[in-house]
Amino acid sequence: MNSPNEDKKAFFDGFFGQNLGYLIDQFERYKQDPTAVEHELSLFFEEITEADFSDLNHPIPVVTAQQPDQHEKIIAAVKLTENIRTYGHLAADIYPLGNKKPDLSHLELKSYRLSMEDLKQLPAEIITQNEASSFQTALEAYQYLKEIYTKTIAYEFDHVHDAKEKNWLIERIEGNRFQTSYNKEKKLNILKRLYEVEEFERFLHKTFVGQKRFSIEGLDVMVPVIDEIISEAVEGGAEFINIGMAHRGRLNVLAHVLGKPYEMIFAEFQHAPNKELVPSEGSIGINFGWTGDVKYHLGLNRQLTANNTARARVTLANNPSHLEYVGAVVEGFTRAAQDNRSKPGYPTENFKTALSILIHGDAAFPGEGIVAETLNLSRLRGYRTGGTIHIISNNTIGFTTESWDSRSTRYASDLAKGYEIPIIHVNADDPESCIAVAILAAEYRTVFQKDFLIDLVGYRRFGHNEMDEPMTTSPQMYKLVQKHPTVREIYAKNLKIEGIVNDRQLSEIQIEIQQRLVAANQKVSTVKKEQKVEIPEPPSFDKKYKSIGTRVSLETLQKINQELLQWPKEFNVFNKLEKILSRRADALNDFGKVDWALAETLAFATILADGTPIRVSGQDSERGTFAQRNLVLHDSQTGEPFVPLHHFSEAKASFGIYNSPLTEAAVVGFDYGYHVFSPETLVIWEAQYGDFANAAQVMFDQFIAAGRAKWGQNSGLVLLLPHGYEGQGPEHSSARLERFLQSAAEKNWRVINLTTAAQYFHLLRRQAAQLTKEEIRPLVIMSPKSLLRNPLVSSLAIELSKGEFMPVIEHFAFSRENEKVKRIVLCTGKMAIDIADQLNEESVFEWLQVIRLEEIYPFPTEEIKHIFAKYVNISEVFWVQEEPKNMGAWNFVEPRINELVPKGMRVEYIGRRRRSSPAEGEPNVHKLIQTKILQAALTRVEEGRN
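All of the points below concern the structure found in this document. (Residues numbered from 1 in each chain as written. Predicted model: local features only at pLDDT ≥ 70, side-chain atom pairs only at ≥ 80, totals over all residues. Heavy atoms only, no water.)

Re helix α28 (residues 757-769)
Step number 1: Over its 13 residues, α28 runs 19 Å from end to end, which matches the ideal 18 Å to within 8%, given 1.5 Å per residue.
Step number 2: Most of α28 sits inside the fold, with twelve of its 13 residues counted as buried.
Step number 3: The set of residues buried in α28 consists of Ala757, Ala758, Gln759, Tyr760, Phe761, His762, Leu763, Leu764, Arg765, Arg766, Gln767 and Ala768. (Helix = DSSP H or I, 4+ residues; strand = E, 2+ residues; numbered from the N terminus. Expected span 1.5 Å × (residues − 1). Buried < 20%, exposed > 50% of the residue type's maximum accessible area, 1.4 Å probe, protein only.)

As for the nonpolar core
Step number 1: Formed by 106 residues in total, the largest nonpolar core has its most connected members in Leu119, Ile226, Ile243, Phe266 and Ile357.
Step number 2: Aside from chain neighbours lying at most four places away, what touches Ile226 is Ile243, Val253, Val257, Ile357, Ile359 and Ile391.
Step number 3: With 85 residues, the next largest nonpolar core counts Val326, Val329, Trp685 and Ala889 among its residues. (Core = buried A, V, L, I, M, F, W, Y, C linked by side-chain atoms within 4.5 Å. Contact = heavy atoms within 4.5 Å.)

A word on the packing of aromatic side chains
Step number 1: Summed over the entire model, instances satisfying the criterion amount to 29 aromatic pairs.
Step number 2: Ring centres of Phe571 and Phe642 lie 5.4 Å apart, and the angle between their planes is 45°; on these two criteria the pair is classed as tilted. Note that Phe571 is positioned in the loop between α21 (554-564) and α22 (575-582) and Phe642 in strand β15 (residues 641-642), a separation of 71 residues in sequence.
Step number 3: Note on Phe642: relative accessible area 11%, which makes it buried.
Step number 4: Ring pairs connect the aromatic residues Phe200, Phe203, Phe208, Tyr262, Phe266 and Phe269, which therefore count as one cluster.
Step number 5: Of note, Arg615 hangs over the ring of Tyr674, and the distance from its end group to the ring centre comes to 4.8 Å.
Step number 6: Over the ring of Phe892 we find Arg896, and its NZ or CZ is 3.8 Å from the ring centre. (Phe/Tyr/Trp six-rings, centres within 6.5 Å; stacked < 30°, edge-to-face > 60°. Lys NZ or Arg CZ within 6 Å of the ring centre and 35° of its normal.)

Looking at unusual backbone geometry
Step number 1: For the peptide bond that leads from Tyr857 to Pro858, omega is -5°, which places it in the cis range.
Step number 2: With respect to the element layout, Pro858 can be found in the loop between β24 (855-857) and α31 (861-870).
Step number 3: Notably, Ala627 is not glycine yet its phi reads approximately 55°, a positive angle.
Step number 4: Inspection of the secondary structure assignment puts Ala627 in the loop between β13 (614-618) and β14 (633-634).
Step number 5: For Ala627, a relative accessible area of 32% gives the class partly exposed.

A closer look at the pairing of strand β8 (residues 388-394)
Step number 1: Across the seven residues of β8, seven count as buried, placing the element largely inside the fold.
Step number 2: In β8, alternate side chains face the same way, and those of Thr388, His390, Ile392 and Asn394 on one face and Ile389, Ile391 and Ser393 on the other are all buried.
Step number 3: Inspection of the sheet shows strand β7 (residues 354-361) paired to β8 by six bridges, in the parallel sense. For Leu358, the partnering residue across the bridge sits in β8 and is His390.
Step number 4: Inspection of the sheet shows β8 paired to strand β12 (residues 452-457) by six bridges, in the parallel sense. Paired with Ile389 across the strands is Phe452, a residue of β12. (Pairing = 2+ DSSP bridges.)

Here's the deal with helix α24 (residues 665-677)
Count 3.6 residues to each turn of an α-helix, and residues three or four apart come out pointing the same way.
Step number 1: Between its first and last C-alpha, α24 extends 18 Å over 13 residues, near the 18 Å set by a 1.5 Å rise per residue.
Step number 2: Buried residues dominate α24, accounting for 13 of its 13 residues.

Remarks on the sheet that holds β13
Step number 1: Sheet architecture is open: seven strands sit in the order β16-β13-β17-β18-β20-β19-β24, paired in mixed fashion. The outermost strands of the open sheet, each flanked by one partner alone, are β16 (655-659) and β24. Between one strand axis and the next, the sheet turns by 20° as a mean value, whatever way the strands run.
Step number 2: The pairing of strand β18 (residues 718-720) with strand β20 (residues 779-781) spans three bridges and is parallel. Counterpart to Val718 in the pairing with β20 is Leu779.
Step number 3: Helix α23 (residues 596-609) contacts β13, β16, β17 (682-686) and β18 of the sheet and is inclined by roughly 145° relative to β13. (Axes fitted to C-alpha atoms, helices over the stretch in contact; angles between N-to-C directions.)

If you want it as structure tokens, here you go:
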């Protein structure tokens, strides 16, 4: 309970509905007997008078003691008002086909033991304060409120708990402050847009018979709604508008929102060389990229000029058939556009700079878990974008599945309630209401920097992809659809009634649009079609990578290291952590060693010193899953954070490191989108354990691995996937290296499994140096767990200052007599270190050379060929791995190694047998099998000795 001295208005702001009625009742009781209420309420009531109620946010007329029965009527009326706001959507006219019966039970006076006469006796302020002066009685206000909440716009915001937000929404809705009267020009523009949308779909339907197009028809108004949101955003200062949507309506959005020329779209249907038609746009169709993608997956950028004063870039993101996954990618686009990364410290955010618009399917929004993951990012420090405007493209059916079989909620939008996102359902056959809702959404986002959801309720005029017959599965619905006029027909009729347009004008509008469509198609038809399409091989970039200098002078490294070990005098570092960090002070001296975490820190610091911003994101990434990183320190007394990389003197760019939510798919998608939009930034996603990447497989398969081939969308995202068998069971052992190698082709990414800290240092610096180059690729790193602190992985300082990244490492680099080597063992990652641990006496193994494959893809063919050429007397070649035979790198490397081994030889496998589970569940069994693997690799059976 607030104290009597607290602000009265703030106190009342928290009271609505029955609680407000209760407060009124308690005040009445207090006036009759101050001891009849709780002591704290009594103290508060001492400070106010009846007049105070009318001055507060909820001015309620106080009934005098001579009206003892009236306070029950007031309480009932207040409850009625709150229920109109809460349940009015159940009675609203939001279904164009009229196939849902409205529920009026919450709005009927008899449900509250009220009559019309009762409301006539009460003042209007009981019902609404926003327009109270316009009404004489509560009855008039009730009738007004009932109409507001039950027309073609239905409001759901009772789940929004913030009083300021709720009051703002009530004021805007009940004051009709977002529903302006449109002038003739505005109405004609809406009508012309609807004509363009409809005629475009009709032209495609009759011209390209039998082709999939995922028509927008039934939700045509979505295009002017998006137009309005973009217009509002650009007027508010937005420079980037990023749109994510699936297939339905995509071609129409491309044509009319993003301005993709009709010729290009028709060319894609006809397989014409569209780059010849619109040279300034380049080739953005099925010919773009090495693999290409179907036309309704492709995206586009558009430069938008508003009122000749503001310029914005509108982007429709590329996306695959995996519904809703593009949403996380678009959020990454938007955050990248909002972040200023030019100065040390965390990037500074400017939410006005960019806006996300996400268009969802009504079946996909509740059906795909990625939606909840992405919504959860909306207010998190490392992922927020200042509010996304969501549109559910609601045709009330998914493929052939009715809503009662696809969700357990009343509305497709109900998931959003858990995130306190205001929801407005609107009838897609009422264009002016839809435009009004778009304005409200944009205003809310500007004021509160939070998400807003528009449930655009319409229908689907044809089958799912125009190639199936919907009457087969939904006969009742499609009987209604077939009789239902289009929204263009409905709106044109209304404007004729208003006298804004006549039949001649309507005919002229339609003919002009039809002529444009025909002309565009004829232009395509006259262009000679390509007879043969050759898919070029991606250019080689290996040599370019080798020429990159990643060394940093020892003096520079020592200076940076010392600075990073300094923190403010008043900052209290946890004593155990301070001891750990202090060991780094001598790591760069003559006899010191640089472990994995320090190599990473020094790499980050030198990259920042070069002016390249960095973003690191993942579960527990600030500290590191294995308590190894500690890039964010926390004051042991106050908990305040301190990031040394923000404060060293050479830093020239931002360093953002964020603990992510317990989410993989959405965060990977977000970070991928972040890098695509800001390619100059080194973006790193780290899995808590490598096998957590399983939960983001769609992102790897559809975006990161194939995005360049499908859409020409390049990325240099770095993936850190802790990988290695420590005998802890199947979970968290394997990052499923084999899956990344299976998708390795066309030089689409680099797959790495390192064995030294210096290698990691140079690899990160190489990636950063190539970020804005054409040859950049995603970097997949099987990062260590137990090896993080293994001395055999640590490196000398000279390896950082004088070395370079090596795709292949020979274990015995200088002490071999080449002609004595009989066996070559190839391995990668932790297995190489396990083998190295057994090779203490080098002279005993003069017959052996161990080759560490650090870069598995692209496969280092030339390096391995050179190694085989050195050892002319080898008689055995083995591949050794800790993963089961059907996992790990074996299936990938085996044919490649066999192409390089001496004639008549084949590489043989040493490792675990084929298994369905990645690892043993019993530590002792693991150790036994691991020992046998090592023995087999390091024992010459034919001579019976080591």
